[in-house]
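Residue strings, one per chain:
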Amino acid sequence: MKSKICDLLGIEYPILQGGMAWVADASLAGAVSKAGGLGLIAAANAPVDVVRNEIRKVREITDKPFGVNIMLLSPFVDDIAQLVIDEKVEIVTTGAGLPSKYMKDWINAGIKVVPVVPSTGVAKMVERSGACAVVAEGGEAGGHIGELNTMALVPQVCDAVDIPVIAAGGIADGRGVAAAFMLGASGVQLGTRFLVAKECNIHQNYKDKVIAAKDIDTITTGRTLGHPVRALKTPFTRAFQKLEKEGTKTKEELEEFGTGALRRAVFVGDLKNGCFMAGQSCGLVKKEQTVEEIIQELVAETKEILGGATKWVE
Ligand code: TUI
């Protein structure tokens, strides 16, 4: 299972691990890269020292390429943007905004930049500023999402840009990977499936909740704040949605209500007050596995499906 993404990023399989905030640490990213995919450390809202430490830890796990995902709403974004240059990180993905301001410096430093985009307009914009590929992420994904869904978004982004497109949102098994290729993508990015990897250091309650979740068990909050976030239903997310519907709280009060909820899920496993970000594919995620097992299973399933794909046409 090879595509132009493999040559572009220097990886064996065209499978990226989502840069999940507070989740994607050196342990997960290192394991994914070691298994032949592209592991990503999530810089999230973390300060520079923490991210530098994770970058160095990945290099102890593997010599293979890995990347850093930069969350553009981070209060430390300027410092993180410089850190990836100083640490000679090969690949940067970005999320939750436009990376335009940093692109020139990254490209001059030889960094391959792969922004996550929610629309054709943003895809074209980042292509013009020098992105070498884009991740087109549909609203089935967990975390901060755009308006469009994967099935409609991916082929439109493929038509809009000349650089390779990586599909994300709703993909958790070989059927999703095969479908992404059929939509024109040359790679996939998965988050939710990797939440339950053995090498993923989130609280066990988080993993158990993902494994127990079915199709309708996610909810979006934050639409009134301009940044919708998909997460598993908990008393916290339901209360958040209720407050948004009532419209009695100011934006600042709502932001305050949401602060720290993801960390309560990841580190404390707080089933009541946590925000367990996950995508709609949670119902496809059935058990904990090592990263190696997940990647090998995805590859085997995809090969089997695509090998038999001609049965659908004469
Ligand atoms: O970034 C993500 N997913 C994330 S970031 C995150 S941390 C966070 N927590 C609470 C609130 C906000 C963020 C959790 N999950 N995915 C990539 C992604 N990027 N999805 C959507 C976008 C995006 C949206 C707009 C990218 C560019 C963009 O540009 C247009 C603009 O208006 O900025």
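Look up: the structure comes first, before these words.
(A) Structural view of the overall build of the chain. Along the backbone of the chain there are 14 helices and 11 strands. Taking 20 Å as the expected radius of gyration for a compact globule of 314 residues, we find that the chain reaches 18 Å, a close match to that expectation. Dimensions along the principal axes, computed over C-alpha positions, put the chain at roughly 55 × 50 × 40 Å. The buried share of the chain, reckoned over its 314 residues, is 54%. Of the contacts made within the chain by residues no fewer than 6 positions apart, 61% connect residues no fewer than 24 positions apart. Carbon and sulfur atoms make up 52% of the accessible area of the chain, which amounts to about 13800 Å² in all. Of the charged side chains in the chain, 35 are positive and 38 negative, and the gap between their average positions amounts to 3 Å.

(B) Main features of the layout of surface pockets. Each pocket or cavity is described by its volume, and for the second largest pocket that value is around 250 Å³. The greatest single-element share of the lining of the second largest pocket, amounting to three residues, is contributed by helix α3 (residues 48–61). When the residues that make up the lining of the second largest pocket are grouped by side-chain class, the tally is 12 nonpolar, one polar and two charged.

(C) Region of the structure containing the packing of helix α2 (residues 26–34) against α3. Interhelical geometry of α2 versus α3 gives an angle of 35 degrees and a closest axis separation of 9 Å. Crossing hand, α2 versus α3: right-handed. Residue-level inspection shows A26, S27, A29, G30, A31 and K34 of α2 in contact with α3, the latter providing E54, K57, V58 and I61. Here the residues of the contact of α2 with α3 sort into five nonpolar, two polar and three charged.

Conventions used here
- Residues numbered from 1 in each chain as written.
- Predicted model: local features only at pLDDT ≥ 70, side-chain atom pairs only at ≥ 80, totals over all residues.
- Heavy atoms only, no water.
- Helix = DSSP H or I, 4+ residues; strand = E, 2+ residues; numbered from the N terminus.
- Rg over C-alpha atoms; globule rule 2.2 N^0.38 Å.
- Buried < 20%, exposed > 50% of the residue type's maximum accessible area, 1.4 Å probe, protein only.
- Contact = heavy atoms within 4.5 Å.
- Areas by Shrake-Rupley, 256 points an atom, 1.4 Å probe, with all protein chains shown as cover.
- Lys, Arg positive; Asp, Glu negative; His and termini not counted.
- Charge placed at Lys NZ, Arg CZ, Asp CG, Glu CD.
- 1 Å grid on protein atoms, 1.4 Å probe; cavity = no way out; pocket = protein on both sides within 12 Å on 5 of 7 lines; lining within 4 Å.
- Points joined across faces, edges and corners; volume = space filled by probe spheres on them.
- Nonpolar A, V, L, I, M, F, W, Y, C, P; charged D, E, K, R; others polar.
- Axes fitted to C-alpha atoms, helices over the stretch in contact; angles between N-to-C directions.
- Left-handed = near helix turned anticlockwise from the far one by under 90°.

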